[in-house]
Amino acid sequence: MSAQLDVIPNCSGGHEPQNEEFSYWVDENQNACIEGVIPANLTGTFFRNGPGRLKLDKDKFGHWFDGDGMLCAFTFQNGRVHFKNRFVRTPKYVKESQTGRIEYRGFGTQRPGGILANILRPPANPANTNSVYHGGLLLALNEGGKPYSLDPSNLHTYGEYTYDGELTPAMVFSAHGKIDPTSGDYYNFGAGLDFGRSGAKAKINTYRVSAEGKMVSKGAIKLETFPFCHDFVITDRYGIYFINSIVTEGIMDVILGRATIADCISYKKDQPMQVIVVDLATHEEVQRFVTDDGAIIHFGNAWQMGNELIVDGMYADNFDANEGLKDVTSIENFAGGKYRRYFLNLNNGKIRWESVTDTESEFPTFNPLLVGRQNDLTFTACSVDNGHASFYNAIQSTNQAGDQNLVTLEPGYYGSEPLFALASDSNEEEDGYVLELIYNAFSHCTELHILEAADIKNTIACVKLPHHIPHQFHGFFTREILLKP
Ligand SMILES: [Fe+2]
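Residues numbered from 1 in each chain as written. Predicted model: local features only at pLDDT ≥ 70, side-chain atom pairs only at ≥ 80, totals over all residues.

## Describing the overall build of the protein
Here is the rule: Strands here mean DSSP runs of E at least two residues long; helices mean DSSP runs of H or I at least four residues long; both are numbered from the N terminus. We compute the radius of gyration over the C-alpha atoms and compare it with the globule rule, which gives 2.2 Å times the number of residues raised to the power 0.38. Exposure in this text rests on C-beta crowding, where 20 or more other C-beta atoms within 10 Å of a residue's own make it buried, 12 or fewer make it exposed, and counts in between make it partly exposed. The C-beta atoms are placed from the backbone. We call two residues in contact whenever the C-beta atoms placed from their backbones are within 7 Å.
Scanning the protein from N- to C-terminus turns up four helices and 33 strands. Computed over its C-alpha atoms, the radius of gyration of the protein comes to 21 Å, within 12% of the 23 Å expected for a compact globule of 485 residues. C-alpha extents for the protein along the principal axes are approximately 65 × 60 × 45 Å. The 485 residues of the protein split such that 47% are buried. Considering only residue pairs separated by 6 or more positions, the protein has 59% of its internal contacts joining residues 24 or more positions apart.

Here it is as C-alpha cells:
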C-alpha cells in the first residue's frame, strides 16, 4: 500500500451507503482481485454486520447505531472466496426503502414531525450490530431488540426470532453473547425492566441456549439503575457483567417523544462501576464488586485462576464518543479505550487492575476455542498517530508475556474489528488467521486482509473488492461452509 496522492482522504467515504446487494466469486469478477494466496486451511464463512446505510433518499439518520443492518458473508472454499451482502429486511428497512424518508425512531434518531410524531414510539431494531451462527441458526443482533433469523445459505431474512417464545415481548437480546467452547452452550443477556408497586426496576435478563439452539434456562439480576451494558464475559463457570458509569436519565422524555435515548445518556464520574458475578448454571448472583468510575464497552477474554477471576476490558473514563456518533460521517479521529486486565478476588471481594498496553485499543478478539479459559494472544483494532486522521488505523497483538506486535496502516486506509478465524487443521492457539476489513479511501473500495495470527506483520492475502462496504461493527467466523450460490 502507498499514499498515491498528496492529499490523504479521511474515513468519511466509508460511511457512504452501499445500497447494492452483490453475490460473486471474487476470481470471477473482473474488477476484483486477490493479492497473495488464500490458505488451503482457511475454509468457512466470515460474517460481518454493520450499518449499510446511514441516510435515505431524503433523510439522514441521527446516530451511527441507527443505520440499517447489512450482513456480509465471505465464504472461503478450496482457496477461493465468495462475497455476498444483503440488508436485513426489518420493517424499518422495508418501509424506509419504499418512502425514502425516516419512518421509525431510533437510538439517536427522531421521526420528522416533532413530539407528536414520536410520542410512545419505541426505537426500531435495525439488526445492525453483530451476527452469530449457533445451533444451526444465523442471527443478526442488536441489543435494542430481538435477534433476526436469516437463511445462512443466501442471507434471506426470515424475521424476528424468539426461541419458541422464550424471548417474551419485553425481552431483548444483546449483540455480544458468548459460546462456551466445551459445552457449545450460547450465553447471552438483555437489559430489562420489572414493573411493581414501587415503579419500574431495572434488571438484566440472562439466557442460556443449548448447543442445539434451544433456550434451556433464563434468569434475572436486579439493578439499581438502568444499565448501559453492551458486552459481558464468561469463564468456565461464571458470567461477569460490568455496570458502567454511563447512565440513562430522563427516560420519560424519550417515552413522551421529546428526546432520544442517545440524548439522555451521560457519563457520571461519581458513579463507580459495579461488577456482578453470576453463576452460569443457576443464573444466581454470586458476588458484587465495586470499582472506580469507568466505561467498558467491549471485553476480551476472562478466566479463573485460583480464587481470582481475570477479565480483559477496553477502558475509558468518559463516553464522549456518543456525541461524535450522532454525526459519524464527520468524525476524523476516533479514540479507542485503554486495554486493562481486572483481577476479582472471590475470597476478599477486592478488585484491582493493571494496564496491558498503552496503545488505544478496541474490538478485542482471540481464539474462540479459549473463551472462558486463559488465552495467550489477544488482537485489537487500534488508533495510533500515523500522521493523519486516525479512526482505526492499526492492529495489535498482545500476549501474556507483554509482547506487543503492532501493524500500522498507511494514511488513507481505515481498519475495523479484527476477527480470529480458526484454521481447519488448528492444534495450537495461534493456528489461524486474523481477518480485517480495511477501507481504502483512495479507491473508495474495501479490502479483506488475511493476516497470520502467529505474526500479524505477515499479510498472507488481500482480497480487493470492486466496491466499498460501509464501516461495520462486528463479525463471526465459522468453519462451516453455508453458502449455496
Ligand atoms: Fe459491540
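## Examining the nonpolar core
Soluble globular proteins tend to bury their nonpolar side chains together. We count it as follows: Here, a nonpolar core denotes buried Ala, Val, Leu, Ile, Met, Phe, Trp, Tyr and Cys residues that are linked to one another through C-beta atoms within 7 Å.
Residues Leu 71, Ala 421, Val 434 and Leu 435 are the most contacted members of the largest nonpolar core, which totals 66 residues. Those residues in contact with Ala 421, other than ones at most four positions away along the chain, are Leu 42, Phe 46, Gly 432, Tyr 433, Leu 435 and Phe 477. Counting residues in each nonpolar core, the second largest holds 40 residues, with Val 233, Ile 276, Leu 280 and Tyr 339 among its members.

## Looking at the sheet that holds strand 10 (residues 157-160)
For clarity, the cut-off: For two strands to be treated as a pair, DSSP must find no fewer than two bridges joining them. Helix axes use the C-alpha atoms of the stretch in contact, all axes being lines fitted to C-alpha atoms, and the angles between their N-to-C directions lie in the range 0 to 180 degrees.
Strands sit in the order 7-8-9-10 across an open sheet of four strands; the sheet is antiparallel. Because the sheet does not close on itself, it has two edges, and the strands there are strand 7 (130-134) and strand 10. Averaged over all pairs of adjacent strands, the angle between their axes in this sheet comes to 25 degrees, without regard to strand direction. Here five bridges tie strand 7 to strand 8 (residues 137-141), and the two strands are oriented antiparallel to one another. The residue of strand 8 that forms the bridge with Val 132 is Leu 139.

## Points about the sheet that holds strand 20 (residues 285-291)
Each strand in a sheet pairs with its neighbour through backbone hydrogen bonds, running either in the same direction (parallel) or in the opposite one (antiparallel). Across the sheet, which stays open at both edges, the four strands sit in the order 15-16-19-20 with antiparallel pairing between neighbours. Each having just a single partner strand, strand 15 (233-234) and strand 20 make up the two edges of the open sheet. Both strand 19 (residues 273-279) and strand 20 contribute to a ladder of six bridges, which runs antiparallel. Of the residues in strand 20, the one forming a bridge with Val 278 is Glu 285.

## A few points about the confidence of the model for the protein
To be explicit about the condition: pLDDT: the predictor's confidence for each residue, scored from 0 to 100.
With 97% of its residues at a pLDDT of at least 70, the protein reaches an overall mean of 94. Confidence drops under pLDDT 50 across residues 1-5; counting only partners more than four residues distant or on other chains, this segment forms nine contacts.

## A short note on the pairing of strand 19
Bridge analysis of strand 16 (residues 238-243) against strand 19 gives six bridges, and the strand direction is antiparallel. By the bridge assignment, Gly 239 is partnered in strand 19 with Val 278. Joining the antiparallel neighbours strand 19 and strand 20 is a turn of five residues, in which His 283 adopts a positive phi near 65 degrees.

## A look at unusual backbone geometry
Its identity is not glycine, yet Leu 120 carries a phi of approximately 60 degrees, on the positive side. By the element assignment, Leu 120 lies in the loop between helix 2 (115-118) and strand 7.

## What to know about the pairing of strand 24 (residues 351-365)
Bridge count for strand 23 (residues 337-345) against strand 24 is eight bridges, and the pairing is antiparallel. Within the sheet, the bridge partner assigned to Phe 343 lies in strand 24 and is Arg 352.

## Notes on helix 1 (residues 91-99)
For clarity, the threshold we go by: Summarising the geometry, the arc corresponds to the directions from the helix axis toward the C-beta atoms.
Taken together, the buried positions of helix 1 are occupied by Lys 92, Tyr 93 and Glu 96. For helix 1, the angular spread of buried residues about the axis comes to 95 degrees, placing them on one side. On its buried face, helix 1 sits against strand 5 (68-77) and strand 6 (80-87). One or two residues past the end of helix 1 sits Gly 100, with phi positive at roughly 70 degrees.

## Focus on the environment of Cys 382
Relative to the helices and strands, Cys 382 resides in strand 25 (residues 378-383). Between the C-alpha atom of Cys 382 and that of Glu 362, which follows or precedes it by 20 residues, the distance is 6.2 Å.

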